[in-house]
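Structural description and commentary
What follows is each chain in one-letter form.
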Amino acid sequence: MSTVQEVNPRVRGIRAPVNLQGLAACISEQIAQGVKKPFKSVIDVSSGDPHKAGMPPISFIRQVMAVCLYPELLKEKSLPLDVRQRAQKLLDMCSGGSVGSYSTTSKGLPEVQKSISEFITRRDGGVFSHPEDIILTIGSQKGLSVFLNLLTSGEGKTQTGVLTPMPCPHTLPMLLDMTGLALVPYRLFEEQGWAVNLDELHRALEAGRVHCEPKAIYISNPGNPTGYVQDRETIEKVIRFAATNCLIILAEEVHQGSVYGQDKEFISYKKVLSEMGKTYAETMELVSFHSISTAYIGECGLRGGYMEVVNIDPAVKKYLTVTSSAPVLPQLALELSLNPPRPEDSSYNSYTQEIHHIEDTLSQNAKRACEFLNRVEGMSCQPSMAGPFLYPRVHLPPHMVEEAKRLGVKADVLYCQRLLEEEGICVGAGCENGQEDKNYHIRLCIMTPPSTLEEILARLCSFHHHLLEKLV
Amino acid sequence: MSQQAVNGVAHRGRVLTLDSMNPNVKRVEYAVRGPIVQRAVQIEKELKEGVKKPFTEVIKANIGDAHAMGQKPITFFRQVLALCSYPALLEDSKFPEDAKKRAQRILEACGGHSIGAYSTSQGIECIRQDVARYIEKRDGGIPSNPDNIYLSTGASDAIVTILKLLVCGEGRDRTGVMISIPQYPLYSAALADLGAVQINYYLDEDNCWSLNITELRRALNAAREHCNPRVLCIINPGNPTGQVQSRQCIEDVIQFAKEEHLFLMADEVYQDNVYAEGCQFHSFKKVLFEMGPEYSNTVEMASFHSTSKCYMGECGFRGGYVEVINLDPEVKAQLIKLVSVRLCPPVPGQALLDLVVNPPQPDEPSYATFMKERTAVLSALAEKARLTEQIFNTVPGITCNPVQGAMYTFPRITLPQKAIDKAKELGLVPDMFYCMRLLEEDGICLVPGSGFGQREGTYHFRMTILPPTDKLKVVLQKIREFHLRFTQEFS
């Protein structure tokens with residue numbers, strides 16, 4: 001029998017997942033079997049998954065998807081006309097008129113590539129995007145994994161490194177481990193709302209160069225999990241830094257569609273790059289990632305997204321898509337989200353209403369939760385401007401830190417475990433987001449129905465008070 | 001990397017180039033979507049633009065995509081998926097009760113009752129339980145544990161994951177993986193990407209592409225000189241060859257794996273596609289357990305299935321699973337960690353898989369239609385398999401083994417020496433030259449045998465048997481005429 005020594009060392013080197021969600025599922029199962037708990041049900045807000053948290057899908061998108069899945073519904077008069085017409089258009093893009101065929105090219109459905117490039121061109125005020133540079137992915141995580149796999153090389157001191165924000169998306173550290181890349185952390189400045197700091201980037205790069213070869217900088221904008229939206233000046237500085245230091249920019253921009261902060265606006269790295277003159281615009285290697293798991297449609301389970309490659313060597317580009325092709329349904333959902341109903345369409349009103357409702361909910365939740373948590377003793381929270389998360393800082397009493405040491409777990413993980421066991425709330429631990437220092441944080445999804453948020457806040461507050469009251 | 005200051009800004013070469021990129025990825029090729037397909041797509045564009053050609057459409061008989069070739073989806077599956085997508089349709093009386101029940105059960109198992117929520121990385125629990133029950137039923141009651149089942153993004157994802165898990169060592173200790181020649185090029189691509197050693201064992205063309213233990217042993221012993229063979233991959237029913245292994249053969253392979261301490265990877269995605277008289281699908285797991293505890297308690301195995309083939313043909317959903325047997329618990333823990341990196345498999349694909357393993361039962365309203373549709377697809381494929389073998393064998397210079405199963409034919413073509421020389425002149429492998437000419441002259445896209453591997457000095461092509469019967473007849477006729485012309489031209 002193969003032993004663990006015979007397992008791929010790269011796989012063994014992947015850091016162990018914290019798996020609070022497994023514990024949450026376990027407790028839910030116990031409740032279902034009648035075990036008594038201090039709470040009626042578990043609320044899991046550890047991932048940016050609005051549907052799991054109770055937010056509804058967008059009707060128009062689901063209606064069109066249903067018709068595409070079962071084309072008999074093209075004749076169903078009770079479904080709006082524009083839904084049926086749109087479904088027909090989408091089915092015409094698919095081989096054999098079926099969402100069950102493979103994509104016609106390994107980069108995805110060409111019509112969807114075209115739609116995406118048109119969306120990007122519109123979004124960036126006319127900066128041209130070429131359909132051939134768009135690759136449909138099985139979610140941004142997988143897209144990033146494919147690109148990183150191209151980048152990875154070397155071992156020890158020649159191992160490729162990626163400058164990574166701290167905090168970063170909680171799924172990123174494991175991904176870097178799996179693709180054999182060194183994580184070179186650069187601290188985001190909490191006291192400035194989680195801003196990027198140029199001096200810190202320089203420090204991180206120098207420190208990184210001692211033990212690896214940094215070749216890329218990972219940017220999350222809007223920030224995941226921080227919700228920080230970078231301004232033009234910051235983006236320009238980062239681009240110059242990357243150019244000077246020969247770094248590829250990996251711009252994860254999946255939360256671009258859910259900016260709710262006042263006076264905040266998403267500007268893409270590509271747009272800023274295009275306005276920095278030919279030398280930068282035509283040489284800076286940049287990859288931008290987007291996904292349907294985010295914004296107001298929140299279709300995480302469908303697994304869909306795209307990456308746009310800018311100034312990537314054509315000889316290398318062809319290796320980005322070899323064997324696997326993205327599932328068809330999420331490509332169609334993406335197409336719908338980028339080309340929503342227009343004012344003359346029958347679904348326009350309901351679509352717009354639903355989007356606005358979710359947008360308002362998120363915005364109000366963010367404000368409410370941030371104010372609330374800032375009033376809880378031992379907690380502080382920077383305001384978030386975009387995306388589904390809030391990332392408050394929690395002060396952990398010495399007894400918890402000591403207990404964690406005794407048990408051999410990270411202190412913030414212990415906090416989350418206890419919160420889950422005592423109050424039935426599952427949040428993410430800051431260490432999953434790469435936070436290694438003693439400033440403990442938790443991550444929670446605030447894209448939930450307002451009543452659910454109130455429940456979460458109440459239980460969290462109660463838990464934290466009890467924790468501080470305990471002396472031992 | 002050159003650097004010149006231009007207007008004070010460092011003008012650098014690219015960071016990511018062929019030289020600096022991951023060297024393993026450069027060795028990856030995948031013939032099924034390779035250069036011939038790119039040319040086919042180009043020709044389609046030209047046709048659309050009105051360019052005159054000797055044909056009006058390109059027939060893509062290169063890829064195992066049933067729906068693209070006109071096969072209809074199974075009504076019941078699509079009804080349930082539509083209900084899952086837009087649950088308001090549960091109120092619609094036009095949907096049968098059994099479809100609604102399935103949809104409700106699936107939705108209840110999803111976070112927030114939506115197929116848009118992430119699932120756990122191993123896959124939705126109740127679906128894994130259904131898969132386990134399906135396997136038990138298929139294998140005559142041999143128990144299957146849902147914990148050993150990992151849902152995946154098509155079988156390809158699971159195959160690559162297991163290979164990734166098992167590849168280790170350096171130099172002479174580097175993991176060697178045995179794969180049949182000819183093989184489905186996902187395997188060679190994955191092995192190249194992982195930097196594993198590919199160990200080729202030849203299937204016996206003269207005996208209907210059967211597997212020969214002597215040949216396995218030869219390949220293994222030769223490989224031991226330069227690597228550490230640890231894995232044996234077998235595709236049954238076969239791709240591209242379509243052979244369905246006999247029960248005895250499967251026993252022999254298991255015996256061989258046990259003796260040589262090999263991890264068996266059984267790719268069984270075509271398990272419902274069996275056509276030939278006297279052929280039957282025997283699952284590797286079933287045979288393993290019927291060989292007794294000495295084998296069933298020790299031989300490590302992974303078997304793969306998918307929603308892309310069989311009678312469903314739902315490639316675009318990327319649904320699949322792997323069942324692992326006899327994995328060391330610590331190794332399993334590493335597997336669980338590995339799959340969690342990619343979050344979760346697409347939920348619609350998981351839902352579809354649930355329906356495939358849990359189809360309408362005789363006492364349910366949708367049963368009659370379901371069985372009618374399923375039978376129609378499988379019998380059409382059987383008929384096309386027979387027709388293909390028959391017609392190809394009437395062509396001098398084409399020899400075609402019976403298409404016992406799967407969806408492809410892999411006939412051997414005799415090429416005149418002059419053609420082989422011409423190909424070399426053009427820098428093309430001879431069967432690629434042949435297939436390119438066929439594409440340009442008749443608009444038929446096949447995959448050259450060199451993409452799958454073949455014995456030195458032999459040439460083949462892989463054609464799918466998926467086009468509708470009438471169209472297939474035309475395709476077979478055209479290939480016949482092309483082959484005669486081609487042979488004549490280069491005689």
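Bear in mind the structure is a predicted one, so any value in this text is a computation, not a measurement.

1. Considerations on the overall build of chain B
When you go through chain B residue by residue, the secondary structure sums to 17 helices and 16 strands. Taking 23 Å as the expected radius of gyration for a compact globule of 491 residues, we find that chain B reaches 24 Å, a close match to that expectation. Residues classed as buried in chain B amount to 64% of the 491 residues present. For chain B, the exposed area adds up to about 18,500 Å²; of that, 50% sits on carbon and sulfur atoms. With 54 positive and 57 negative side-chain charges, chain B shows a separation of 5 Å between the mean positions of the two kinds.

2. Describing the packing of helix H2 (residues 35–48) of chain B against helix H16 (residues 430–442) of chain B
Residues and elements named next belong to chain B. Taken N-terminus to C-terminus, the directions of H2 and H16 make an angle of 10 degrees; their axes are 11 Å apart at the nearest point. Between H2 and H16, the angle falls in the class roughly parallel. Seen from H2, the contacting residues are Pro35, Ile36, Arg39, Ala40 and Ile43; seen from H16, they are Met432, Cys435, Met436, Leu439 and Glu440. Among the residues making up the contact of H2 with H16, the classes are represented as eight nonpolar, no polar and two charged.

3. Some details on the sheet that holds strand E5 (residues 175–181) of chain B
Residues and elements named next belong to chain B. Spatially, seven strands are ordered E4-E10-E9-E8-E7-E5-E6 in an open sheet, and the strand pairing comes out mixed. In this open sheet, the two strands that pair with only one neighbour each are strand E4 (149–153) and strand E6 (197–202). Taken pair by pair, the neighbouring strands of this sheet meet at an average axis angle of 25 degrees, ignoring direction. Inspection of the sheet shows strand E8 (residues 263–267) paired to strand E9 (residues 301–306) by four bridges, in the parallel sense. In the strand pairing of E9, Leu264 is matched with Met301. Against the sheet, helix H5 (residues 125–138) touches E4, E9 and strand E10 (319–325), its axis set at about 110 degrees to E4.

4. With respect to the packing of aromatic side chains
Residue and element names in this part refer to chain B. On inspection of all chains with the given rule, the structure shows 19 aromatic pairs over all chains. Ring plane angle 40 degrees and centroid distance 6.3 Å describe the contact between Phe77 and Tyr311, whose orientation is recorded as tilted. Of this pair, Phe77 sits in helix H3 (residues 75–85) while Tyr311 sits in the loop between E9 and E10; the two residues are 234 residues apart in sequence, bridging distant segments of the chain. You can call Phe77 buried: its relative accessible area is 0%. Relative to Phe461, the ring of Tyr434 has its centre 6.2 Å away and its plane inclined at 15 degrees; by these criteria the two rings are stacked. Of this pair, Tyr434 sits in helix H16 while Phe461 sits in strand E16 (residues 459–464); the two residues are 27 residues apart in sequence, bridging distant segments of the chain. A single burial state applies to Tyr434 and to Phe461, both of which are buried.

5. Concerning the pairing of E8 of chain B
Residue and element names in this part refer to chain B. Most of E8 is tucked away, with five of its five residues classed as buried. Of the two faces of E8, both are covered, the one formed by Phe263, Met265 and Asp267 as well as the one formed by Leu264 and Ala266. Two elements, strand E7 (residues 228–235) and E8, share five bridges in a ladder whose sense is parallel. Each residue of the ladder has a partner; that of Cys233, found in E8, is Met265. In this view, the connection linking E7 to its parallel neighbour E8 by way of helix H9 (residues 247–260) has right-handed handedness.

6. Some thoughts on the packing of helix H3 (residues 59–69) of chain A against helix H4 (residues 81–93) of chain A
Residues and elements named next belong to chain A. Interaxial distance between H3 and H4 falls to 9 Å at its minimum, and their mutual angle equals 55 degrees. Classified by the angle their axes make, H3 and H4 are oblique. Handedness of the H3/H4 crossing: right-handed. Side by side, H3 and H4 meet where Phe60, Gln63, Val64, Val67 and Cys68 of the first sit next to Asp82, Val83, Arg86, Ala87, Leu90 and Leu91 of the second.

7. Notes on the interface of chain A and chain B
At the junction of the two partners, chain A supplies 85 residues and chain B supplies 82 residues. With both sides pooled, the region where chain A packs onto chain B buries about 6,900 Å², and carbon together with sulfur makes up 62% of that total. Here chain A and chain B share two salt bridges between them. Scanning the region where chain A abuts chain B turns up 34 residue pairs in polar contact (both at pLDDT 80 or more). When contributions to the side of chain A that touches chain B are tallied by element, the ones reaching two or more residues are helix H1 (9–12), H3, helix H6 (140–151), helix H7 (172–178), helix H9 (232–244), helix H11 (278–281), helix H12 (314–317) and helix H13 (328–338) of chain A. With seven residues, the single largest contributor to the side of chain A that touches chain B is H3 of chain A.

8. Brief notes about the pattern of salt bridges
Residue and element names in this part refer to chain B. Summed over the entire model, instances satisfying the criterion amount to 52 salt bridges over all chains. Among the ionic pairs, Glu44 bridges to Lys60, the shortest N-O distance being 3.1 Å. With Glu44 in helix H2 and Lys60 in strand E3 (residues 59–60), the pair connects residues that are 16 residues apart, well separated along the chain. Taking the relative accessible area as the measure of exposure, Glu44 reaches 28% and is therefore partly exposed. In the salt-bridge network here, residues are joined through shared partners; they are Arg437, Glu441, Asp442, Arg485 and Glu489.

9. Remarks on the side chain of Ser95 of chain A
Mapped onto the elements of the fold, Ser95 of chain A is located in the loop between H4 and helix H5 (110–123). If near-sequence neighbours (up to four positions away) are discounted, Ser95 of chain A is found in contact with Ser101, Tyr102 and Thr104 of chain A together with His67 and Ala68 of chain B.

10. Topic: unusual backbone geometry
Residues and elements named next belong to chain B. Following Ile181, the chain continues to Pro182 via a peptide bond in cis, the omega torsion being 0 degrees. Relative to the helices and strands, Pro182 resides in the loop between E5 and helix H7 (186–194). Across the junction of Asn236 and Pro237, the peptide omega takes the value -5 degrees, indicating a cis bond. Position of Pro237 among the secondary structure elements: in the loop between E7 and H9.

How each quantity is defined
- Residues numbered from 1 in each chain as written.
- Chains lettered and ligands numbered in written order.
- Predicted model: local features only at pLDDT ≥ 70, side-chain atom pairs only at ≥ 80, totals over all residues.
- Heavy atoms only, no water.
- Helix = DSSP H or I, 4+ residues; strand = E, 2+ residues; numbered from the N terminus.
- Rg over C-alpha atoms; globule rule 2.2 N^0.38 Å.
- Buried < 20%, exposed > 50% of the residue type's maximum accessible area, 1.4 Å probe, protein only.
- Areas by Shrake-Rupley, 256 points an atom, 1.4 Å probe, with all protein chains shown as cover.
- Lys, Arg positive; Asp, Glu negative; His and termini not counted.
- Charge placed at Lys NZ, Arg CZ, Asp CG, Glu CD.
- Axes fitted to C-alpha atoms, helices over the stretch in contact; angles between N-to-C directions.
- Parallel < 35°, antiparallel > 145°, perpendicular 65-115°, else oblique.
- Contact = heavy atoms within 4.5 Å.
- Nonpolar A, V, L, I, M, F, W, Y, C, P; charged D, E, K, R; others polar.
- Pairing = 2+ DSSP bridges.
- Phe/Tyr/Trp six-rings, centres within 6.5 Å; stacked < 30°, edge-to-face > 60°.
- Right-handed = clockwise from strand over helix to strand, strands pointing away.
- Left-handed = near helix turned anticlockwise from the far one by under 90°.
- Buried area = accessible area lost by both parts, 1.4 Å probe.
- Salt bridge = Lys/Arg side-chain N within 4 Å of Asp/Glu carboxyl O.
- Polar contact = N/O pair within 3.5 Å; in protein donor to acceptor, adjacent residues only side chain to side chain.

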